Amino acid sequence: MTQNHPPILLPENEAKMMLSEATAALAYSHAPVSGFRVGAALLAADGEIVRGCNVESPSVLQVFCAERVALLKALSEGLREFTHLAVVAEQRDPVQPCGLCRQMLMEFAPDLIVITRLADGSPRQIPLADYLPESFRL
Ligand code: THU
């Protein structure tokens, strides 16, 4: 797949800071169904960081992932360009963004770098395009 800009990895200290932002967001997770708490932090091209947590609504059988909450918050504030997304959950292994989030993130930020947390706490940075190769584009 072709990309407009080469994805840029953040320096380790900045990637860790993004993980901290995502961890702070996780505190507000509302997950009465799964009990699985997730936090995300989206870095816009202008340097703004927008946080999100997962929200579950049993009454309407809807689940909103932390990544999409962060993305929708940012979009609804007029932000349109994003470079990095950190996502964390309370597990040793890095959390894997769901298919729906991968597709929607790809729509708005095809060059995004996804930052997850390895078991030793260090950041792992992988292009979104690696999570969703040959992706559908309108
Ligand atoms: N979840 C996220 O928020 N992000 C992910 O990357 C994986 C899954 C949420 C959705 C749901 O509230 C719970 O985790 C269990 O799937």
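Above this note sits the structure.
Residues numbered from 1 in each chain as written. Predicted model: local features only at pLDDT ≥ 70, side-chain atom pairs only at ≥ 80, totals over all residues. Heavy atoms only, no water.

Student: Tell me about the site of the ligand, and name the residues and values.
Tutor: With respect to spatial proximity, 13 residues lie near the ligand, and among them N54, E56, C65, A66 and E67 are the closest. N54 places a polar side-chain atom, nitrogen or oxygen, 2.9 Å from an oxygen atom of the ligand. Alone, the ligand offers 370 Å² of accessible surface; in the complex the protein occludes 82% of this. (Near = heavy atom within 4 Å. Polar contact = N/O pair within 3.5 Å; in protein donor to acceptor, adjacent residues only side chain to side chain. Areas by Shrake-Rupley, 256 points an atom, 1.4 Å probe, with all protein chains shown as cover.)

Student: Give a description of the nonpolar core that names residues and reports values.
Tutor: Within the largest apolar cluster, 27 residues are counted, with the highest numbers of intra-cluster contacts made by L42, F82, L105, L112 and L128. Elements supplying a minimum of two residues to this core: β1 (38-44), α2 (66-76), β5 (82-89), α3 (99-108) and α4 (128-131). With 5 residues, α2 is the single largest residue contributor to this core. Among all residues touching L112, those that are not within four sequence positions of it are L42, F82, T83, H84, L85, L105, I126, P127 and L128. (Core = buried A, V, L, I, M, F, W, Y, C linked by side-chain atoms within 4.5 Å. Buried < 20%, exposed > 50% of the residue type's maximum accessible area, 1.4 Å probe, protein only. Helix = DSSP H or I, 4+ residues; strand = E, 2+ residues; numbered from the N terminus. Contact = heavy atoms within 4.5 Å.)

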